[in-house]
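Geometric and topological summary
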Amino acid sequence: QVQLVDSGGGLVQAGGSLRLACAASGRTFSTMGWFRQAPGKERDFVACISSNGIRTQYVDSVKGRFTISRDNAKNTVYLQMNDLKPEDTAVYYCAQSKWGFLSDNVAQYDYWGQGTQVTVSS
C-alpha cells in the first residue's frame, strides 16, 4: 500500500521561501507531482518529476521560483519554493502517478498525501 506524508508548510511573508517534503512508502519508483488547492477552488497542478529525477514540468506561474526534486534513496520528493507570493497561498498536496510519463492532469495520480498548508502574507 502506498502512503505519502506531506510536510514543510507554514506562514511566510511575501518574498520568503519554504521547502515542502513528501515521504513515500510502498510503490516509490514513479512519477511524482505537487498540486495545490486554494479555498473554494479546484486542485491545480504545480510541478511534477520523473521517476529518475531527470525530467520536470511546472505550471507557468511558478517557473523560475519553484524547484521540484527527489532523493530516491530517501524515497522523498521536495518542492523548494522561493519568492513566494500571496497568490501561492493554498494547501499543497504531493501525489504519485500510476504512469511513467509526466502529467499535469490530476486524474493521472492515484495516491495523495494529506496536504500541508502554505500561507503567504503580503
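Here, every reference points to the structure presented above.
Let us look at the structure shown here. These figures come from a predicted structure and were not determined experimentally.

Across its full length, the protein carries zero helices and 11 strands. Mapped from its N terminus to its C terminus, the protein presents α and β elements in the order β-β-β-β-β-β-β-β-β-β-β. Here the C-alpha atoms of the protein give a radius of gyration of 13 Å, agreeing with the 14 Å that 2.2 N^0.38 yields for 122 residues. Seen through its principal axes, the protein has C-alpha atoms that stretch 40 × 30 × 25 Å. In the protein, 59% of the contacts between residues at least 6 apart in sequence involve partners at least 24 apart.

This part covers the pairing of strand S3 (residues 18–25). Looking at chain direction, strand S1 (residues 3–7) and S3 are connected through five bridges and run antiparallel. The residue bridging Leu4 from the neighbouring strand is Ala24, located in S3. With six bridges joining them, S3 and strand S8 (residues 76–81) adopt antiparallel strand pairing. In the sheet register, Leu18 faces S8, and the bridge partner there is Met81.

The next thing to look at is the pattern of salt bridges. Applying the stated criterion across every chain yields a total of four salt bridges. Between Arg36 and Asp88 there is a salt bridge, with its nearest N and O atoms 2.9 Å apart. Within this pair, whereas Arg36 is found in strand S4 (residues 32–37), its partner Asp88 is found in the loop between S8 and strand S9 (90–97), the two being separated by 52 residues in sequence. The partner of Lys85 in a salt bridge is Asp83, with the nearest N and O atoms 3.8 Å apart. With a relative accessible area of 29%, Lys85 lands in the partly exposed category.

Here we take up the environment of Val46. Relative to the elements of secondary structure, Val46 occurs in strand S5 (residues 44–49). Note on Val46: relative accessible area 0%, which makes it buried. In this structure, the C-alpha to C-alpha distance between Val46 and Cys94, residues 48 residues apart in sequence, is 9.7 Å. Beyond its immediate sequence surroundings of up to four residues, Val46 is in contact with Trp34, Phe35, Arg36, Gln57, Tyr58, Val59, Val62, Phe66, Leu79 and Tyr92.

Definitions and cut-offs
- Residues numbered from 1 in each chain as written.
- Predicted model: local features only at pLDDT ≥ 70, side-chain atom pairs only at ≥ 80, totals over all residues.
- Heavy atoms only, no water.
- Helix = DSSP H or I, 4+ residues; strand = E, 2+ residues; numbered from the N terminus.
- Rg over C-alpha atoms; globule rule 2.2 N^0.38 Å.
- Contact = heavy atoms within 4.5 Å.
- Pairing = 2+ DSSP bridges.
- Salt bridge = Lys/Arg side-chain N within 4 Å of Asp/Glu carboxyl O.
- Buried < 20%, exposed > 50% of the residue type's maximum accessible area, 1.4 Å probe, protein only.

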